[in-house]
Amino acid sequence: MGKVAWAAMVLFAACYPGGAETVEDLDSVTTQHDASASFATLRTYALPGTIQEVASANGQPLAMDHSYDAQILARVAANLDAIGLHRVDPATVTPDVDVLVTFTATRYTEYTSYSYCDLWPGWSGFDGYDDSWGVYYPYASTSVTVLDAGSLRIEMLDQRTANTSTKQLTAIWNASVDGVLAGDNESIVQRIEKGIDQSFAQSPYL
Amino acid sequence: MRSLTRPLLAVFLLGSSAALAQSHVRLSYEFAVPRNATQDYVDRFSSRGAHLDVSLELSYAFHLELSAGLNNFNSVKQGVLTTTEGDVSGKQFRYLNAIPLMGGFAFHIPLGHGSRFWAGVNGGAAYFDRVVDVGLNEYSLSDWQWGVQPHFGIAFGLGDGGTALFFDGRWNYFWERHGIPAQEYFSFGVGLLFGGSPSKHK
């Protein structure tokens, strides 16, 4: 009878569902907005011609390939145009909002070590050793998990409500297109463009 | 009313002619089908569940039931998730782990040779752990919810040792609490009943 119970438990554990199967499955888009902002009255925007790199507070910063800046910014501009805003040159006209685009690429590394005595408790091969013992590696090797992640962030700063006393511009909307940096650059840029479109699609108040 | 009385009387007579049921333990593997708000969250049929029931005979055919279970649901959906951090879109890997801890009463009708039929109602609470993985982030919302669990089952004796193979069904309903919608699912189990050996008549 015990064997039946064990077989049921093994069957039960083996059925745990998997999660993401492709890199695209890990793509996400997060948008936030100021509910008190007047989006309906927005008319003009200004957009810099470059994407700025921002280093993450955690992990190892990775360099960005800027050869795709124009393509990505064009996609942002196309979406802004599509919601009825007009791009202006901030040198000549003060826009209602400044739209800034930044990118963060980070390598996250996680080192894994084991407590071997806990993994094989009571094994005779560890007789004479207790938990105070460890394993010495005479070479730079251990189990490592590496993940390269990237975030394209779009921010909309309201020039109309610039507070001169506190010297603050309010970010009335921002979008973060997040994903794993895997595959060739073309495919990554395609995923970013898809994310940019999604960020506007899920912000119907714009 | 008369139409209901006669079947009940027949069942009672059938039970009294069979051996006396005893306290026992039931262990089952469960399938579950989500309904309504639970189905909106996780629409997949669950094949991962288990239940442990302890049935204590208080008087002839009348049992106190103590029940603990686990039902795991999961689902994959594409959409926008509204969180405290904003609106998050992407492929959502949704998980719902339900852990009902219930107590109640049931009538057990012995059918002879270790077989029996039972029906009853449990009440109690369940811990619902709702997790959504989107992108590289995880969002969770978990809480206890009060509920009821009507159930029925039939067991077929496997010999004189009191062990029986049984099939049961439950309707699990838990009321809305702290903004988490009411949870509802049907679960169906197959398992073994231990310790249900018939009493010897003196």
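Thresholds, definitions, all that
- Residues numbered from 1 in each chain as written.
- Chains lettered and ligands numbered in written order.
- Predicted model: local features only at pLDDT ≥ 70, side-chain atom pairs only at ≥ 80, totals over all residues.
- Core = buried A, V, L, I, M, F, W, Y, C linked by C-beta atoms within 7 Å.
- Buried ≥ 20, exposed ≤ 12 C-beta atoms within 10 Å, placed from the backbone.
- Helix = DSSP H or I, 4+ residues; strand = E, 2+ residues; numbered from the N terminus.
- Contact = placed C-beta atoms within 7 Å.
- Pairing = 2+ DSSP bridges.
- Nonpolar A, V, L, I, M, F, W, Y, C, P; charged D, E, K, R; others polar.
- pLDDT = per-residue confidence, 0-100.

K.L.:
How should the nonpolar core be read in this particular structure?
P.N.:
Note that soluble globular proteins tend to have their nonpolar side chains buried in a common cluster. Residues and elements named next belong to chain A. In this structure, Tyr45, Val76, Val97, Val99, Met156 and Val177 are the most contacted members of the largest nonpolar core, which totals 26 residues. Counting residues per element, this core draws most heavily on strand E6 (residues 97–112), which supplies 5 residues. Setting aside residues up to four positions removed in sequence, Tyr45 forms contacts with Leu80, Leu85, Arg87, Pro95, Asp96, Val97 and Val99.

K.L.:
What is the right way to read the pairing of strand E6 (residues 137–157) of chain B from this model?
P.N.:
The side chains of a regular strand alternate, first on one face of the sheet and then on the other. Residues and elements named next belong to chain B. Note: strand E5 (residues 115–134) against E6, 19 bridges, orientation antiparallel. Paired with Gly124 across the bridge in E6 is Gly147. Inspection of the sheet shows E6 paired to strand E7 (residues 164–174) by 9 bridges, in the antiparallel sense. By the bridge assignment for E7, Phe152 is matched with Gly169. Here E6 folds back onto E7, and the loop between the two strands holds 6 residues, one of which, Gly159, carries a positive phi near 150°.

K.L.:
I'm lost on the interface of chain B and chain A in this one. Help?
P.N.:
Accessible area lost upon the coming together of the parts serves often as the stated size of an interface. Listed by partner, the interface residues are 19 residues for chain B and 18 residues for chain A. At the level of secondary structure, the elements contributing two or more residues to the side of chain B that touches chain A comprise strand E2 (48–59), strand E3 (62–83), strand E4 (86–112) and E5 of chain B. Of all the elements, E4 of chain B adds the most residues to the side of chain B that touches chain A, at 7 residues. Looking at the side of chain B that touches chain A residue by residue, the class counts come to 7 nonpolar, 7 polar and 5 charged. As paired elements, strand E1 (residues 28–33) of chain A and E4 of chain B share 4 bridges and run antiparallel to each other. For Thr30 of chain A, the partnering residue across the bridge sits in E4 of chain B and is Val88 of chain B.

K.L.:
What should I look at first to understand the confidence of the model for chain B in this one?
P.N.:
The predicted coordinates should not be examined in detail at positions where pLDDT is low. Residues and elements named next belong to chain B. With 87% of its residues at a pLDDT of 70 or more, chain B shows a mean pLDDT of 87. Here helix H1 (residues 2–17) stands out as the least confident element of chain B, with mean pLDDT 45; E7 is the most confident, with 97. This model gives residues 8–20 a pLDDT under 50, and the stretch forms 16 contacts once residues within four places in sequence are excluded. Under the prediction, the complex receives an ipTM of 0.76, its pTM being 0.76.

K.L.:
How should I be thinking about the environment of Pro95 of chain A in this particular structure?
P.N.:
Residues and elements named next belong to chain A. Within the secondary structure layout, Pro95 lies in the loop between strand E5 (86–87) and E6. Spatially, the C-alpha atoms of Pro95 and Arg160 are 8.3 Å apart, while their sequence positions differ by 65 residues. Dropping the residues within four chain positions of it, Pro95 is found in contact with Thr44, Tyr45, Ala46, Val88, Pro90 and Gln159.

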